[in-house]
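Topology and contacts: notes
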Amino acid sequence: MKRSILILLSSVLLFSLQVAAQTSKADELLKAFVAETKVPGLSISISQKGKLVFSKGYGFEDLEKQTPVDPSKTKFRIGSVSKTVTAAGLAKLYEAGKIDLDAPIETYVPSWPAKGETITLRMLAGHLAGIRHYKGLEFMSNKKYETVTEGLDIFMNDPYINKPGTEYAYSSYGWNLISAAMETAANEGFLSFMQTDVFNALDMENTEADHADRKIDRRTKFYQFRNGKVVNAPYVDNSYKWAGGGFVGTTEDLCKVGQAHMQSGYLKENTLKEWMKGQTTNVGKATNYGIGWRTFERPNGQTYYGHSGGSVGGITYFLIHKPSQTVLAIAGNMDPLNYDGLQFDLMELFIN
């Protein structure tokens, strides 16, 4: 009996020492990164099997007010990680039998103009539909769009950039079209549906649409690094692309998203596999992109799923490692900001 207790205590002590070493090394790497890049504010959260093992803020969400970053409350622009979050809502509609991934888009968006080709939600979600990406100064848009369908006007009359299904061509606008289809399938506004079926369902109390014209509690200020200096980022309004890049949220909320896509019961296992499995072109060329999820194959043999997100005044990375049920979310309030593999180094620090 005493021997069993001693073995148990030794195991607990070894585990505690391992965690202490991991967190100390992570903190060292992150402090060096902040000092090198001069990012004003950075948030990092890592969870395993649903429990936070490391969650810390560095620097400030507001330089002028010197408000420290809090990973449970500071809301960063998550950029294209919004696609992965939106994909969760799409999955709920799919599981409810309200949406067919392979039906022509006109089934859900009758206003979509005939262009001589059939595109589907599956193609749109995997960047295979031939929809163009940003051009000109569209990424810097400061126009307020009142509805999802109004945002379609930006690109809906443009020709396909390639024959749908033949090439992978990344497009945030494709997700605008997905969100319009989701409104029809859900019979309610996109943001309302996301609030109830994703944010509320996953207890994401600090994730929401980045309404530029509203005061949002603990939304970080946004910065850019220009000519060797940190300056305020220009005003932009992301209402034209909620689904593809328009949410703000905390890194701790993103950890909840990651856990929900492993073994939480939020989605069925078959759905999880279908959403994360990389699609292929019509001639079988792999894209390493599923339905809102990118696959990251590392040289050391590890496989991660997730997304990166670039915004005006914000760069985010989100990863999950399914075998260990580990989730990482890191967000900074400045662009450009190159993590240069730090996100993978941190992941591998905690899964090894």
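Conventions we followed
- Residues numbered from 1 in each chain as written.
- Predicted model: local features only at pLDDT ≥ 70, side-chain atom pairs only at ≥ 80, totals over all residues.
- Heavy atoms only, no water.
- pLDDT = per-residue confidence, 0-100.
- Contact = heavy atoms within 4.5 Å.
- Helix = DSSP H or I, 4+ residues; strand = E, 2+ residues; numbered from the N terminus.
- Axes fitted to C-alpha atoms, helices over the stretch in contact; angles between N-to-C directions.
- Parallel < 35°, antiparallel > 145°, perpendicular 65-115°, else oblique.
- Left-handed = near helix turned anticlockwise from the far one by under 90°.
- Buried < 20%, exposed > 50% of the residue type's maximum accessible area, 1.4 Å probe, protein only.
- Pairing = 2+ DSSP bridges.
- 1 Å grid on protein atoms, 1.4 Å probe; cavity = no way out; pocket = protein on both sides within 12 Å on 5 of 7 lines; lining within 4 Å.
- Points joined across faces, edges and corners; volume = space filled by probe spheres on them.
- Nonpolar A, V, L, I, M, F, W, Y, C, P; charged D, E, K, R; others polar.
- Core = buried A, V, L, I, M, F, W, Y, C linked by side-chain atoms within 4.5 Å.

What follows concerns the confidence of the model for the chain. Predicted confidence across the chain gives a mean pLDDT of 95, with 94% of residues reaching 70 or more. Low pLDDT, under 50, characterises residues 11-15; the predicted model gives this stretch zero contacts beyond four residues in sequence or across chains.

The next thing to look at is unusual backbone geometry. Along the chain, D335 connects to P336 via a cis peptide bond; the corresponding omega equals -10°. By the element assignment, P336 lies in the loop between β13 (334-335) and α10 (342-351). Unlike most non-glycine residues, K38 shows phi in positive territory, near 65°. Looking at the element boundaries, K38 is found in the loop between α1 (2-37) and β1 (41-48).

Geometry of a packed helix pair, given as the angle between the helix axes and the separation of the axes. Orientation of helix α2 (residues 81-95) relative to helix α9 (residues 269-276), taken along the N-to-C sense of each, is 130°, at an axis distance of 11 Å. Overall, the two elements α2 and α9 adopt an arrangement that is oblique. For the element pair α2 and α9, the recorded crossing hand is right-handed. Judged by residue contacts, A87, L90, A91, Y94 and E95 of α2 engage T271, E274 and W275 from α9.

Attention now goes to α10. Among the 10 residues of α10, eight are classified as buried, and the element is accordingly described as predominantly covered. L342, Q343, F344, L346, M347, E348, F350 and I351 are the residues of α10 that are buried.

On the basis of which strands lie adjacent, the open sheet formed by seven strands has the order β3-β2-β1-β12-β11-β10-β9 and antiparallel pairing. Each edge of the open sheet carries a strand with a single partner, namely β3 (67-68) and β9 (294-297). Bridging between β1 and strand β12 (residues 326-332) involves seven bridges; their strand directions are antiparallel. Counterpart to Q48 in the pairing with β12 is T326. The strands touched by α2 are β10 (303-311) and β11 (314-321); relative to β10, the strand with the most contacts, the crossing angle is about 120°. Seen against the sheet, helix α8 (residues 251-260) touches β1, β2 (51-62), β11 and β12 and runs at an angle of roughly 150° to β12.

Put simply, the largest pocket is a space of about 570 Å³. Contributing to the lining of the largest pocket are 22 residues, with D62, R219, T220, K221 and F222 lying nearest its centre. For the lining of the largest pocket, the per-class residue count stands at nine nonpolar, three polar and 10 charged.

Ranked by internal contacts, the top residues of the largest apolar core, which has 67 residues, are W112 and I119. The biggest single contributor to this core is helix α5 (residues 173-186), with nine residues. Ignoring anything within four residues of it in the chain, the contact list for I119 reads A103, P104, I105, W112, L124, A129, I131, Y160, P164 and L177. Core analysis: the second largest hydrophobic core is formed by 27 residues, A26, F54, F296 and I330 among them.

To continue, consider the pairing of β2. Sheet analysis places β1 next to β2, joined by eight bridges and oriented antiparallel. Directly across from S47, in β2, lies its bridge partner L52. In sequence, β1 turns back onto β2 through a hairpin of two residues, with K49 there showing a positive phi of about 50°. Sheet analysis places β2 next to β3, joined by two bridges and oriented antiparallel. Looking across to β3, one finds that F60 is bridged to P68. Here β2 folds back onto β3, and the loop between the two strands holds four residues, one of which, Q66, carries a positive phi near 55°.

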